[in-house]
Amino acid sequence: MKGPYGYAGRLLRVDLTAGRVTVVSSVPYVEEYLGARGVAQQLLFDEIEPGVDPLGDGNKVILSAGPLVGTILPASARLSVDNKNPHTGGVGSSNAGGHLGPELKFAGFDAVVIEGTSPRPVHLYISNGQGELRDAEDIWGLGTGQTEAVLRRRLQEPSLRIGSIGPAGENCVAGACLIVDGARAAGRSGVGAVLGAKKFKAIAVRGTLPIKVFDSRGLLAAARECRTLLTRSPALRRLRESGTHGAYGVATNAGYKCRSVRNLQDSYWPAEKYSHIREEQLRKYKIRRLGCFNCPIYGSFLYHLPGVVCGVNISEGVPANAVRAFGENLDVTSPESVLLTYALANQLGMDCDMSTTLIAWAIELAENGLLPWNEVDALDLHWGSPHAGLRLLPLIAHREGLGALFADGIDEGISQLGDASASHVVHIKGASLNEAGVRAHKGYALGIVVSVRGGGHLDGAPNVEFRGISPEVSEAMFGVPTGGDPTAYEGKGHVVFGTELRKAVVDMLGMCYMTSEWLDHNLLSPDDYARLLYLTTGIKKTGSELMTLGRRVHNIEKAFNTLHAGFSRRDDTPPGRLFDTPISEGPWKGEALSREGWNRMLTEYYRVQGWDEESGWQTAQGLDALGLPDVAEKLRRYGKLPGA
Amino acid sequence: MSLQETGAVKSWNDPGLCTACRACELICSLHQTGRCDPAAASIRVALDRSDGSVRISLFGSCDLCDGEADGPLCVHFCTAGALTTGHISNVSLSGKGRTGME
């Protein structure tokens, strides 16, 4: 089957109920929204009706790689993972690096759609243009690292690229994710539990087909320019030197950013405490640097672990997210604990964010006398304990002991633990909230809270607030001068809107977010991505047209949330402690969100989006103007269209 | 393409700075075939996840980028500095450290 330029040309439909895989052309799917997240979210919107149980037969998981993935363009290796989200009941969309996305393209596929439920554990093996469901009984129960080792050995294929779930996913537990290449989590979306409910253990891919591009010479020249741009960026140099762990440490110690401390009770953590878990403290465990496929930034490392975790003693890591999750958010100053807890989460197949949300909830409950004392002592559920996470996470993953109370997530946990527990869990729409910069940095907080995925800073949260960009640069990027002024509420609706569009562009094409203006406004703009898209595929779009496409994808996701989860304005509200508990010390001492400021900022955001300011819902007029009458019609049919 | 079929294979273990990103495979395939096709490259990078070691193999099909303006493209595209022209010509180990952070 001859594919178009950039694209592999095939989509694989996997019907687990029937045990059947079907290869179809991907061309009709990619026509409108180009690839990856755009294609996947449109498909989920069209094919899943409201009322479908996220852990039931009717949910689907889509693994997809955009048209730029696997080409000579640097850092073009992203895999999009999309599904209905069991944490929120709405949109699930996540993204993983490593090498699985490119391998899928080299195996001849742009996307894999997994649907139905298998009667017994299976894994999917994909090789050049074909897919095959195979038995997974003997790997069911294994950690993700062990799963990868067994599959590579069995197939005598050391280059096999794998995404797998661990025991957490198999047991359909909150926070369960898909782990790619042993450590890269497609997280936040509960996809591990969705796959576990489907009895789907792993996807293993080996591909040796070529990807053709539209203008080979032009793309090679552009790739060289991109590599130069990326390697000369000061922001990315820090990543290359010491990963996001090091870069985050520098930014917070210098006062640009804040931290997420003790279940977000505070956004300040003393530098003396952080000094124990800063990047240098983990150097003695490092084996080598690691990079995603064809990435000149490679902000990751391979570590010897100071212990064995689920049968492995080596792990890739350690991202800033994990340091935040297992360091300051638990008040932990042991670097070994941070490294081991992170490795354990990966082996169990749980994402860092929900892991820390649940552990910190348990500790705060314990500190307030709301858990049995014998359990508290056995698990050492105290702030600063290096053991708490290591002991509690396996119990959650296996639904054992105290872990069983947290295994079904926040709503179910509150009903098990009692109403008094509700004020001690920090979440957005049922999803985890483990973020820095949510009290002092107003736009960052807005972008996190309104994210269609339920929290997360890799959607609309503007990194420019940490960099102090000038009013002129802010005006050029977002149409308002306040992007670089963290504590201003004015204009932030525009800044978040502009950030969301830029992220959607990157997510449709498959390049890494680090190549974009997010970390460094001198990096790739939507116009740059449009040029790369043309050189790769021959598709002509301007940067503005790409952002409009991104806006449409985002509105499809927003509509999915309205239909499936009924989120409205009141759900776009941060937890009370972000208003009521100001930052205790440091350069941002005294900062908190103000309710009046938040409401003004949120109203501005809805206005910029063209959504109803009172409900936060989309309008018929707004959707028609965007060219989404079908979306409007579906909302109208379900009574979710204001004024219709 | 198996190792045996390509004739002479030279390989070296643990080139200290390699990140296993495989940019070298990709750019080599572009030179060899005009397409993005790492499987067709004359160079292969293998990361052993059991101990973190890396092995780079060079196949007999390597032509030192004959016809390209700036010599072996894999050397230029390796941002990590794990490859040198000396490596590609003579396949000799360097004495570089592992992370460059010592």
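Going by the structure above, here's the rest.
Parameters and conventions
- Residues numbered from 1 in each chain as written.
- Chains lettered and ligands numbered in written order.
- Predicted model: local features only at pLDDT ≥ 70, side-chain atom pairs only at ≥ 80, totals over all residues.
- Heavy atoms only, no water.
- Pairing = 2+ DSSP bridges.
- Helix = DSSP H or I, 4+ residues; strand = E, 2+ residues; numbered from the N terminus.
- Axes fitted to C-alpha atoms, helices over the stretch in contact; angles between N-to-C directions.
- Contact = heavy atoms within 4.5 Å.
- Core = buried A, V, L, I, M, F, W, Y, C linked by side-chain atoms within 4.5 Å.
- Buried < 20%, exposed > 50% of the residue type's maximum accessible area, 1.4 Å probe, protein only.
- Nonpolar A, V, L, I, M, F, W, Y, C, P; charged D, E, K, R; others polar.
- Buried area = accessible area lost by both parts, 1.4 Å probe.
- Salt bridge = Lys/Arg side-chain N within 4 Å of Asp/Glu carboxyl O.
- Polar contact = N/O pair within 3.5 Å; in protein donor to acceptor, adjacent residues only side chain to side chain.

(A) Fine view of the sheet that holds strand β15 (residues 312-317) of chain A. All names here are of chain A. An order of β13-β14-β15 is seen for the three strands of this open sheet, with the pairing classed as antiparallel. Looking at strand neighbours, the two that pair on one side only are β13 (286-290) and β15, the edges of this open sheet. Across the sheet, the axes of successive neighbouring strands diverge by a mean angle of 35°, strand direction being ignored. Bridge count between strand β14 (residues 300-309) and β15: five bridges; the pairing is antiparallel. Paired with Val309 across the bridge in β15 is Val312. Helix α11 (residues 335-348) rests against β14 and β15 of the sheet, and its axis sits at about 90° to β14.

(B) Inspection of the nonpolar core at higher detail. All names here are of chain A. Counting residues in hydrophobic clusters, the biggest one holds 80 residues, and the most contacted among them are Leu34, Ile72, Leu509, Tyr529, Leu532, Leu546 and Val631. If you tally residues by element for this core, the top one is helix α21 (residues 543-564), at eight residues. Beyond its immediate stretch of four places on either side in the chain, Leu532 contacts Leu68, Leu73, Leu219, Ala222, Cys226, Met511 and Leu524. Counting residues in each nonpolar core, the second largest holds 64 residues, with Ala176, Cys352, Ile359 and Ala362 among its members.

(C) Spatial organisation of the packing of α21(A) against helix α23 (residues 595-609) of chain A. All names here are of chain A. At a minimum axis distance of 12 Å, the contact between α21 and α23 shows a crossing angle of 115°. Of the residues in α23, those in contact with Arg551, His554 and Asn555 of α21 are Tyr605, Val608 and Gln609. Broken down by class, the residue content of the contact of α21 with α23 amounts to two nonpolar, three polar and one charged.

(D) Highlighting the interface of chain B and chain A. Across the boundary between the two partners, chain B contributes 34 residues, which contact 40 residues of chain A. A buried area of about 3,100 Å², summed over both sides, lies between chain B and chain A, and 56% of it is on carbon and sulfur atoms. The interface formed by chain B and chain A holds one salt bridge in total. Between Arg22(B) and Glu103(A) there is a salt bridge; the shortest N-O distance is 4.0 Å. The interface formed by chain B and chain A holds 11 residue pairs in polar contact (both at pLDDT 80 or more) in total. Put simply, the parts of the chain that give the side of chain B that touches chain A at least two residues each are α1 (23-33), β3 (53-59) and α2 (73-77) of chain B. Classifying every residue of the side of chain B that touches chain A gives 18 nonpolar, eight polar and eight charged.

(E) Geometry of the pattern of salt bridges. If you walk through the whole model with that rule in mind, you get 43 salt bridges over all chains. The residue Glu557(A) makes a salt bridge to Arg37(A) at a minimum N-O spacing of 2.7 Å. Separated by 520 residues along the polypeptide, Glu557(A) in helix α21 and Arg37(A) in helix α2 (residues 36-47) bring together distant segments of the chain. The shortest N-O distance in the salt bridge between Glu148(A) and Arg152(A) comes to 3.0 Å. Pair noted here: Glu148(A) and Arg152(A) are both in helix α4 (residues 144-154), with a separation of four residues, about one helical turn. Here Arg152(A) falls in the buried class, since its relative accessible area comes to 14%. Salt bridges sharing partners connect three or more residues here, namely Glu103(A), Glu157(A), Arg206(A), Arg22(B) and Glu25(B).

(F) Molecular detail of the pairing of strand β2 (residues 20-25) of chain A. Residues and elements named next belong to chain A. Judged from the six bridges that link them, strand β1 (residues 10-15) and β2 form a sheet pairing that is antiparallel. Directly across from Asp15, in β2, lies its bridge partner Arg20. Where β1 folds back onto β2 in an antiparallel hairpin, the turn is made up of four residues, including Gly19, whose phi is positive at roughly 70°.

The analysis is restricted to geometry; functional conclusions fall outside its scope.
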